[in-house]
Amino acid sequence: MNRMGYLGASDAPTIMGDDMERLLDLFEVKAGIKESLDLNDPNVNPDTWSQILIGQTTEKINLTYRPNIKVKLCDDDDPFIMNDIVGTDGKPFILARPDAISLNGDPIDAKHTHAFKGNFDTIEERMHSTYYWQMQQQMMVLDRPKSCIFPIYGNKFGDVIEITADPFNQAQLKRELISFWNCVLSKTPPEKCASVNAEKIPVPQDKLRTINLEEQNFGPEIQAVSQLWIDTSEAKAIWAKTDKKIKTFIADDVGLATGYGIQIKRQKNNALRITEVK
């Protein structure tokens, strides 16, 4: 199918990111102002071409030969389309084409990497942050509560990385996709369009502070739900609501919050991630 007429999940990180140069490049390609580079051509960008070749080579192995895990591979020519959201031209434009889906319908993407890059504690954290918005779009389109990344690090299988659907962030993503797509249809550069991200500028990483949840005035309130978050992490419907409630207590300038058995860390994309402290 013609991907020029849609916004795929791989476009989401650029649209939700803060790299204006990449955003403008994506806009010009989608609006037909310039042609997209043929990344499969080794003469265009040898490094990118080699990465794509390695990814294509390892993808089937990654999805097919993991022990005790069975998935259904997706057809590239039969993507999922969010038909209830349309642009100003009345046509749907939000698309997702995961590499595979689990037996219960959760989207799965296979990723391959050699290098550890970025300001992250672990390579798993980097993978989670890098592909967070891409997986949120896939879950939003497929209406699923969970997605998975199957990583290969060098020549070894990595542990499966689960990402949970966040209704609040998905609503923000939906607004940004609609805003960007209407810019594409009107051929108006994104910086001239209303943007949720422009209205709320994230606090710079070096200005973020660490707080102890147990020393805050909202401590008793968050204490009441933090244990619930831990105890019900397997009950996804209840967990998602609790996860969202906890995040509402965290101010925009907090980079790390700990206490009551949990840790809340602000990611590079400004999203909050809660983990249990064991």
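Shown above is the structure to which this text applies.
Bear in mind that the values here come from a model prediction, so they are computed numbers and not experimental data. (Residues numbered from 1 in each chain as written. Predicted model: local features only at pLDDT ≥ 70, side-chain atom pairs only at ≥ 80, totals over all residues. Heavy atoms only, no water.)

### A closer look at the overall build of the chain
Of regular secondary structure, the chain possesses 9 helices and 12 strands. Here the chain holds 278 residues, and the buried ones make up 42% of them. By sequence separation, contacts in the chain at least 24 residues apart represent 63% of the contacts at least 6 residues apart. Summed over all atoms, the accessible surface of the chain reaches about 15500 Å², with 50% contributed by carbon and sulfur. (Helix = DSSP H or I, 4+ residues; strand = E, 2+ residues; numbered from the N terminus. Buried < 20%, exposed > 50% of the residue type's maximum accessible area, 1.4 Å probe, protein only. Contact = heavy atoms within 4.5 Å. Areas by Shrake-Rupley, 256 points an atom, 1.4 Å probe, with all protein chains shown as cover.)

### Observations regarding the sheet that holds strand β9 (residues 209-212)
Here we have 4 strands laid out as an open sheet, ordered β9-β10-β11-β12, and mixed in their pairing. Either end of the sheet is taken by a strand with one partner, and the two such strands are β9 and β12 (272-276). For this sheet, the mean inter-axis angle between neighbouring strands, taken without regard to orientation, is 15 degrees. The pairing of β9 with strand β10 (residues 254-259) spans 4 bridges and is parallel. Note on β10: the bridge partner recorded for Asn 212 is Thr 258. Contacts from helix α8 (residues 219-231) reach β11 (262-266) and β12 within the one sheet, and its direction differs from that of β12 by about 75 degrees. (Pairing = 2+ DSSP bridges. Axes fitted to C-alpha atoms, helices over the stretch in contact; angles between N-to-C directions.)

### Re the pairing of strand β5 (residues 107-113)
Taken across its 7 residues, β5 has 6 buried, putting it largely inside the fold. Judged from the 2 bridges that link them, strand β4 (residues 100-102) and β5 form a sheet pairing that is antiparallel. Opposite Ala 100, over in β5, you have Ile 108 as the bridge partner. What sits between the antiparallel neighbours β4 and β5 is a turn of 4 residues, in which Gly 105 has the positive phi angle 100 degrees. The pairing of β5 with strand β6 (residues 146-153) spans 6 bridges and is classified as parallel.

### As for the packing of helix α2 (residues 20-30) against helix α6 (residues 167-186)
At a closest axis distance of 9 Å, the pairing of α2 and α6 adopts a crossing angle of 50 degrees. Classified by the interaxial angle, the pair formed by α2 and α6 is oblique. Judged by the sense of rotation from one axis to the other, the crossing of α2 with α6 is right-handed. In contact with Leu 23, Leu 26, Phe 27 and Lys 30 of α2, α6 contributes Phe 180, Cys 183 and Val 184. Looking at the contact of α2 with α6 residue by residue, the class counts come to 6 nonpolar, no polar and 1 charged. (Parallel < 35°, antiparallel > 145°, perpendicular 65-115°, else oblique. Left-handed = near helix turned anticlockwise from the far one by under 90°. Nonpolar A, V, L, I, M, F, W, Y, C, P; charged D, E, K, R; others polar.)

### Things to note about the environment of Gly 154
Within the secondary structure, Gly 154 is located in the loop between β6 and β7 (156-157). A C-alpha to C-alpha distance of 7.2 Å links Gly 154 and His 112, two positions 42 residues apart in sequence.

### Side note on the packing of helix α5 (residues 132-142) against α6
Relative orientation of the contacting elements α5 and α6 amounts to 90 degrees, with a least axis distance of 10 Å. Comparing their axes, α6 and α5 come out roughly perpendicular. Facing α5, whose interface residues are Tyr 132, Trp 133, Gln 136, Gln 137, Met 139 and Met 140, α6 presents Asn 169, Gln 170, Gln 172, Leu 173, Lys 174 and Leu 177. The residue makeup of the contact of α5 with α6, split by class, is 6 nonpolar, 5 polar and 1 charged.

### Let's talk about the packing of aromatic side chains
Across all of its chains, the model carries 2 aromatic pairs by this definition. Summarising the aromatic geometry, the rings of Phe 93 and Trp 181 are spaced 5.4 Å apart at their centres and angled 5 degrees between planes, so their arrangement reads as stacked. Separated by 88 residues along the polypeptide, Phe 93 in the loop between β2 (80-81) and β3 (95-96) and Trp 181 in helix α6 bring together distant segments of the chain. Exposure class is identical for Phe 93 and Trp 181. Each is buried. Ring centres of Tyr 132 and Trp 133 lie 5.2 Å apart, and the angle between their planes is 85 degrees; this geometry places the pair in the edge-to-face category. (Phe/Tyr/Trp six-rings, centres within 6.5 Å; stacked < 30°, edge-to-face > 60°.)

### What to know about α6
The end-to-end C-alpha distance of α6 is 29 Å, a good match for the 28 Å that 20 residues give at a rise of 1.5 Å each. Looking only at α6, the buried set comprises Asn 169, Gln 170, Gln 172, Leu 173, Glu 176, Leu 177, Ser 179, Phe 180, Trp 181, Cys 183 and Val 184. Positive backbone phi, approximately 55 degrees, marks Lys 187, located one or two places after α6. (Expected span 1.5 Å × (residues − 1).)

These results come straight from atomic positions and should not be treated as a statement about function.
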